[in-house]
Amino acid sequence: MARGSNLGLLKEKLAAAEAITVLTGAGISADSGVPTFRGADGLWKNFRAEDLATPEAFERDPRLVWEWYNWRRELIATKQPNDAHKALAELERRCPDFWLMTQNVDGLHRDAGSRKLSEIHGNIWKVRCTGCGVVENNRDVPIAILPSCSRCGSLLRPHIVWFGESLSPDDLDDCSRALKHCDVLLVIGTSGVVYPAAGFASVAKEVGAFVAEINLDPTPQSALVDLSLHGRAKDLVPLLLEPL
Ligand code: BJW
Ligand code: ZN
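Just so you know, these numbers come straight off a predicted model, no measurement behind them.

Participant: How would you explain the domain arrangement of the protein if you had to name every residue and give the values?
Facilitator: Split by domain assignment, the protein resolves into domain 1 (3-34 + 81-121 + 167-241) and domain 2 (39-77 + 138-160). Computed from C-alpha atoms alone, the centre-to-centre distance between domain 1 and domain 2 is 27 Å. Contacts between the two partners involve 5 residues from domain 1, matched on the other side by 5 residues from domain 2. In this assembly, domain 1 packs against domain 2 so that about 390 Å² is buried in total across both faces, 68% of it on carbon and sulfur atoms. For the interface between domain 1 and domain 2, the tally reads 0 salt bridges. Linking domain 1 with domain 2 are 0 residue pairs in polar contact (both at pLDDT 80 or more). Counted by class, the side of domain 1 that touches domain 2 contains 2 nonpolar, 2 polar and 1 charged residues.

Participant: Please set out the side chain of threonine 21 residue by residue, giving values where relevant.
Facilitator: Relative to the helices and strands, threonine 21 resides in strand β1 (residues 19-24). Exposure remark for threonine 21: the relative accessible area of 2% places this residue in the buried category. Those residues in contact with threonine 21, other than ones at most four positions away along the chain, are Trp99, Met101, Ala178, Leu179, Cys182, Val184, Leu185 and Leu186.

Participant: So what's going on with the coordination of the zinc ion (ligand 2)? Which residues, and what values?
Facilitator: Looking at the zinc ion (ligand 2), one finds its protein donor set to be Cys129 (SG), Cys132 (SG), Cys149 (SG) and Cys152 (SG), positioned 2.3 to 2.4 Å from the metal centre. What the 4 donor atoms of the zinc ion (ligand 2) show is an angle range of 96 to 118° at the metal, which sorts the shape as tetrahedral. For the zinc ion (ligand 2), the single-chain donor residues occur in sequence as C-x2-C-x16-C-x2-C. Note on cysteine 149: relative accessible area 7%, which makes it buried. Of the residues examined, cysteine 152 reaches a relative accessible area of 40% and is grouped as partly exposed.

What counts, and where the lines are drawn
- Residues numbered from 1 in each chain as written.
- Chains lettered and ligands numbered in written order.
- Predicted model: local features only at pLDDT ≥ 70, side-chain atom pairs only at ≥ 80, totals over all residues.
- Heavy atoms only, no water.
- Domains from an automatic or database assignment.
- Contact = heavy atoms within 4.5 Å.
- Buried area = accessible area lost by both parts, 1.4 Å probe.
- Salt bridge = Lys/Arg side-chain N within 4 Å of Asp/Glu carboxyl O.
- Polar contact = N/O pair within 3.5 Å; in protein donor to acceptor, adjacent residues only side chain to side chain.
- Nonpolar A, V, L, I, M, F, W, Y, C, P; charged D, E, K, R; others polar.
- Helix = DSSP H or I, 4+ residues; strand = E, 2+ residues; numbered from the N terminus.
- Buried < 20%, exposed > 50% of the residue type's maximum accessible area, 1.4 Å probe, protein only.
- Donors = N, O, S within 2.8 Å, 3.2 Å for Na, K, Ca; no water.
- Tetrahedral: all angles 85-135°; square planar, octahedral: opposite > 155°, others 65-115°.

Put into structure tokens, the structure is as follows:
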């Protein structure tokens with residue numbers, strides 16, 4: 001089907017939907033200048049996830065891991081939400097039953113105004129104590145290495161879900177609820193290879209939701225979804241808000 005008719009169909013489905021759920025990934029922030037993970041210039045082309053994004057890596061060399069996060073904090077601090085982030089915040093205002101699940105840790109959805117939101121892989125602007133577990137906001141750029149907890153003195157870590165770590169049970173509950181009763185699931189800018197988010201489209205399909213994907217390229221999820229729109233998120237997502 002041509003893009004025009006696909007776009008029209010998706011707009012009709014959204015207009016008729018009572019409940020809309022959205023899953024986003026690094027592709028939506030790529031249009032703001034935040035690097036993706038698996039693209040040609042993706043982070044995992046230059047860095048090994050095993051050295052930087054696992055609890056074992058942090059135990060082995062917390063300084064190296066914090067240096068990497070400081071570099072990313074410096075980069076993300078200069079970035080702004082783009083038209084796709086803003087369009088999703090507007091969709092939330094228009095649809096009373098809306099939930100946004102993002103794998104991104106950059107905080108740009110919140111900066112754009114989204115509030116009905118699960119940041120399922122955490123947030124780069126939060127730190128967590130490895131001793132007492134307290135989570136705090138921290139926007140220092142750079143953060144002083146090695147940071148320690150003001151309450152108990154233990155080492156602080158990024159409040160981010162690394163490989164091999166479980167997502168928060170509250171976030172999983174919120175996502176499960178949003179997936180199981182949505183009429184439309186939009187999957188935007190994710191390669192769809194990292195679980196559990198990679199399984200979200202199947203959950204929504206099983207309950208009969210209409211599932212649409214917006215991505216520059218086909219993904220492993222493309223065969224499963226009802227409709228794919230190929231292009232930049234910042235160009236396509238705002239079109240969903242235009243009148244039918
Ligand atoms: C555009 C665009 C534009 C570009 N417009 N589009 C079941 C089976 C197999 C393995 C597992 C499984 N369950 C769990 C696992 C293990 C693991 C996993 O999934 N591994 C796979 C890689 C195989 N999962 C976990 O460990 C998770 N924990 C968990 O499940 O706990 C229970 C458990 C543990 C162990 C075993 C079993 C159960 C935790 C996952 C945490 C992921 N963390 C990261 C890094 C955080 C570090 C940080 O950010 O600081 O999160 S990995 C990285 O990938 C990051 C992302 O959030 C995540 C997803 O990436 P995303 O967003 O999809 O980005 P890309 O780069 O991959 O794709 C970008 C897409 O955008 C592309 O498609 C482009 O085409 C597109 N694009 N520009 C539109 N302008
Ligand atoms: Zn502490």
